Each structure stands twice: as structure tokens, then as C-alpha cells.
Amino acid sequence: MQYDFDQIIDRRNSCCFKYDALKMLYGREDLVSLWVADMDFAVAPGIQEALQNRLDHGVFGYNYRLDDYYHAILSWIQRRYGWQAEQDWIIDTPGVVPALNLAVLTLTRPEDKILIQPPVYRPFFNVITDHKRSLITNTLKLENGVYQLDREDFERKIRQASLFILCNPHNPVGRVWQREELEFMAELCKRYDVPIMSDEIHCDLVYPEHEFCSMGSLKEYQDLVIVSFSPAKSFNLAGLGASVTIIPNPRLRKAVNDLNQYMHLFTGNAFGIEALKTAYSIGDDWLDALIAYLDGNRQYLAEYIAAELPELSMIYPEGTFLAWINFAKLGMDDNALFDFLTNKARVALDPGRKYGVDGSGFSRLNFACPRSILEEAMDRLHKAIKENFR
Ligand SMILES: Cc1ncc(COP(=O)(O)O)c(C=O)c1O
């Protein structure tokens, strides 16, 4: 079946962070909005239909997830990633960031050191510092346009850590960590007895030349691992607050789930439950079509930047719908770059500095939109660079 990813849907005035918060965040509304990580596409027709049926039922009391919900999750990760997990290992969490918070709160104490790999998604910093834990960093190394793991530094840092938070695929640099790289990290975590919180929210969005490997699927290390993921990114369901956390080790699972239970975070909402179940049951075909469309956008962007904007360089993502773009050659500090992009080019990108000091000079561009929107953004950027820098 063909799906129409070119269709423009007006998202303004729908309580939509990406468009309705532009004035608050960027000071103006006339921007091509390519910042926060959701998509401008309608959900798969089967999901919309399932939600409509749920709506038509008309009763929205407290929820209870039936076996078919868990079977949908287990079947999805088995058929797409070859990961054989068990129903008992699943914890119902309202989002991946809440799951990160639960792991930090239950598996570490104030002052404990937690390792992350910047440049990385801003909440990775916040979940550590907000709970008065100490941040330690294993900064990724940019080598020939690809971010690499700094293995020596990892080995030095991990022995001090009480928890390691991994991002796979990695937001914002788009790396899809290879099995060998995961094994290297997991082996050291095992040696030093450090649990791994693996944020795999972007796992469904991997381009054909790469293969996603879940930390949870590495049998030898599964006792160390907490994996959190959801259909929020891949099926555009971020507003429905549904996610899955899988913890094979009963001791870690009890610790994390006790707090989840005390705080009633497991309850979920009726639409999130229905959408997650449907996405993982019938979403393969739509997701494959989406990845093909995003791949086209990824190539368009890379080719446009190479041909028309030699001042910039783009990290070619292996997964995610995020392009990490280096603007440093334009010679602006981060404030001037933000001002230029917003007020001269009139595009809303996510400032790289949010992802740590190593993000300075970069901005993150979300290309999960109809191609024509991307073309408009590139035209604006091109024009502004020509007028101001050439
Ligand atoms: C790496 C990563 N983790 C988590 C999230 C958000 O997860 P949730 O909305 O489920 O809390 C995002 C959203 O951009 C993300 O990129």
C-alpha cells in the first residue's frame, strides 16, 4: 500500500509543541519548524482507525492491559530485532524520560557518578543533575564525519560510575551502535558492576545499510540492562504517553518498578495503550514505507548541503530523523548562530549547545516532514547564507 508522506497537515492551534510554542521559544511564528523530535506526518491509517474505534466506545475509565498488549510488544521486538524477551520483564512506563528518572532514582544515590556520552539528548544531563547525582562524560569523538566511541576514556570513566546511560540510536549524532561496540561497553560495565540504562526510543528508525542491535538482546549482559523504548518517534505517538521498559534482572526490575508503582506511573491512557498495541501489531508495512521516505529526505539534505552550502557539514545519520549540522565555519558564537537561523534564515532548529559543550557550533535539524517543507527550509537557509556570508 502507498502512503502519502507528502501531504501537508496544518498543525498550528492543535496544542502542538513544535508549532504552537514557536513564539515562546524563538520569539516569532513565521519559521519553518524543524526542531523538536516529532513528525509532521499523520499516523498509519490502521492506528487512526483503532483510536477511532476506541473513541467510539465512549467510556474512558481506568486501564488494564491485557495479554494481547504484551504479546504485541514481544512479537515486535522478536520479529524486528531478534530479541526474545519475556512478558514478566516488562514494566509499563509513561515515557522514556520518566523511565530514565526512575532508573536514576532507584539505582543510584545522591553524589553517585553517572556516565553519559555527549553530545547527547538534553534530559540525559538533567536526570543526573536534577537528582543531585554527579555527571561524568565519555565524549564521542568526531572522526572523518562519524562520531566514534572513545574506548580508552570509556574504560577509565566506567569504573567510577554507578550507572551508565546509553542512547542507541544516538540522538543527536545518529549513530546506530554496532553489536561489537555494545559488547565492548557492556563487558566493561559487567566487569565493574555498572547497570546500563539503554534508551532505545529511536530503534525503529534505522536506515537499510545499518542494523539495530538492542542492548537487551545481548544475552550475556542482560542482567545489567534496563531498556526503554516506545513507538513515540517511529509512529508519531509522542503525545499519547506510552512506553515500554524491559528489565530482565528481577532485582533491578523490582527496584525500578516499586517506584513506578508507588507513583502510579503505570496507569497509562486508553489511547496510548491502543495506539502502542496497534503500531506493534500491524505497523511494519507503514514503518518500512516511512523509513524509505525519510531516507529520501536524508539524502536530499546531504546532497543539498554538499552542493549548495559548502560552509556547512552534516553528519549523515545511520538512524533517527535527525541531522546534526556543523555551522562553525560561519564563525558565529552560539547566540549569534541562533539569532541568524531564527531571524535571518527563519528556520527553527534545535541549538547544538543544548546537547552539551561539544554541541557548540552545531544545530539539530529534524527532517521528518514532507519534502516540500524541507526544500523551503533549505531555500531560506541558502538565501540567508548568500546574503550574509558570501
Ligand atoms: C533519546 C530520547 N529519549 C527520550 C525521548 C523522549 O521520550 P519520552 O517522550 O517517551 O519521554 C526523546 C525525544 O526526543 C529522545 O530523543
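Details of the structure are given in the entry above.
(A) Structural context of a nonpolar patch on the surface. On the surface, Phe-17, Met-24 and Leu-25 cluster together to form a nonpolar patch covering roughly 320 Å² of accessible area. Mapped onto the elements of the fold, Met-24 is located in helix H2 (residues 22-26). What makes Met-24 exposed here is its relative accessible area of 60%.

(B) Seen up close, unusual backbone geometry. Here the bond from Pro-118 into Pro-119 is cis, since omega is 0°, no more than 30 degrees from zero. Omega for the peptide link from Asn-171 to Pro-172 comes to 15°, which places this bond in the cis form. Of note in this structure, Cys-15 is not a glycine but carries a positive phi near 55°. Along the chain, the position of Cys-15 falls in the segment before helix H1 (17-20). On the basis of relative accessibility, which here comes to 80%, the residue Cys-15 falls in the exposed class. The phi dihedral of Asn-144 falls on the positive side, at around 50°, and the residue is not glycine.

(C) Main features of the pairing of strand S3 (residues 113-116). Across four bridges, S3 lies against strand S4 (residues 134-137) in parallel orientation. Paired with Ile-116 across the two strands is Thr-137, which belongs to S4. Both S3 and strand S7 (residues 163-167) contribute to a ladder of two bridges, which runs parallel. Considered in S7, the bridge of Ile-114 is made with Leu-163.

What counts and how
Residues numbered from 1 in each chain as written. Predicted model: local features only at pLDDT ≥ 70, side-chain atom pairs only at ≥ 80, totals over all residues. Heavy atoms only, no water. Patch = residues over 30% accessible without salt bridge, like charges linked within 9 Å, V, L, I, M, F, W, Y side chains within 5 Å. Areas by Shrake-Rupley, 256 points an atom, 1.4 Å probe, with all protein chains shown as cover. Salt bridge = Lys/Arg side-chain N within 4 Å of Asp/Glu carboxyl O. Helix = DSSP H or I, 4+ residues; strand = E, 2+ residues; numbered from the N terminus. Buried < 20%, exposed > 50% of the residue type's maximum accessible area, 1.4 Å probe, protein only. Pairing = 2+ DSSP bridges.

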